[in-house]
Amino acid sequence: MKLLLDECVPAPLRRHLRSHNVRTTAQAGWSGIRNSTLLKLAAGEGFQAFITTDRGFEHQQNLSTLPLPVIILIGKSNDVNDLLPLIPKLIQALGSLSPGVTRIS
C-alpha cells in the first residue's frame, strides 16, 4: 500500500512499515503545503492513505470531501518511541481501510 506520512510524523516510523511503500511529505517534495492541497496531491499521485499525528485534523478539514483515507495516530507525543506501540493497530487498520478518518490510540 502506498502511504504518505505528514510532516508531524517522525520519518523513522517508515522503518516499521516495511511491507508498505511509505514516503514522507519531505521526500515527496511537499513540505509546507496545507493539508487540503496536500491530500489532493497525494490522491493524484496514487497514495492510498495519509498518516498524521495532527489531533486537530478533523476540525480543520471537510471530512466529507477527503480524497483519501486519513489515519490519525494518537500517542503520548509525536516522538517515534511513543508512536511505536500503535504500529500493530495501524497495520491492522490498513488492512481494512475505509474512507474518512480513523483514529488510532
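A quick note: this is a predicted structure, and the numbers were derived from the prediction, not measured. (Residues numbered from 1 in each chain as written. Predicted model: local features only at pLDDT ≥ 70, side-chain atom pairs only at ≥ 80, totals over all residues. Heavy atoms only, no water.)

Here the focus is the side chain of histidine 20. Along the chain, the position of histidine 20 falls in the loop between β1 (2-5) and β2 (21-24). In this structure the side chain of histidine 20 is engaged in a polar contact, spanning 3.5 Å, whose partner is the backbone nitrogen of methionine 1. Among all residues touching histidine 20, those that are not within four sequence positions of it are Met1, Leu3 and Leu94. (Helix = DSSP H or I, 4+ residues; strand = E, 2+ residues; numbered from the N terminus. Polar contact = N/O pair within 3.5 Å; in protein donor to acceptor, adjacent residues only side chain to side chain. Contact = heavy atoms within 4.5 Å.)

Burial along strand β4 (residues 70-73) is two-sided: the residues Val70 and Ile72 and Ile71 and Leu73 are all buried. Relative to β4, strand β3 (residues 49-52) runs parallel, the two being bridged by three bridges. Across the sheet, residue threonine 52 finds its bridge partner in β4, namely isoleucine 72. Relative to strand β5 (residues 101-104), β4 runs parallel, the two being bridged by four bridges. Residue isoleucine 71 lies in a different strand from β5, and its bridge partner there is threonine 102. (Buried < 20%, exposed > 50% of the residue type's maximum accessible area, 1.4 Å probe, protein only. Pairing = 2+ DSSP bridges.)

Before going further, it helps to examine the environment of lysine 40. Note that lysine 40 resides in helix α1 (residues 35-44). Once the C-alpha coordinates of lysine 40 and glutamine 92 are considered, the two residues, 52 residues apart in sequence, prove to be 25 Å apart.

Before going further, it helps to spend a moment on the nonpolar core. With 18 residues, the main nonpolar core has Leu13, Ile51, Ile71, Leu73, Leu90 and Ile104 as its most contacted residues. Where this core is concerned, the elements lending two or more residues are β1, β3, β4, α3 (80-83) and α4 (87-95). The element contributing the most residues to this core is α4, with four residues. Ignoring anything within four residues of it in the chain, the contact list for leucine 73 reads Leu13, Ile51, Thr52, Thr53, Leu83, Leu86, Leu90 and Ile104. Core analysis: the next-biggest nonpolar cluster, separate from the first, contains 13 residues, Leu66, Leu68, Val70 and Ile72 among them. (Core = buried A, V, L, I, M, F, W, Y, C linked by side-chain atoms within 4.5 Å.)

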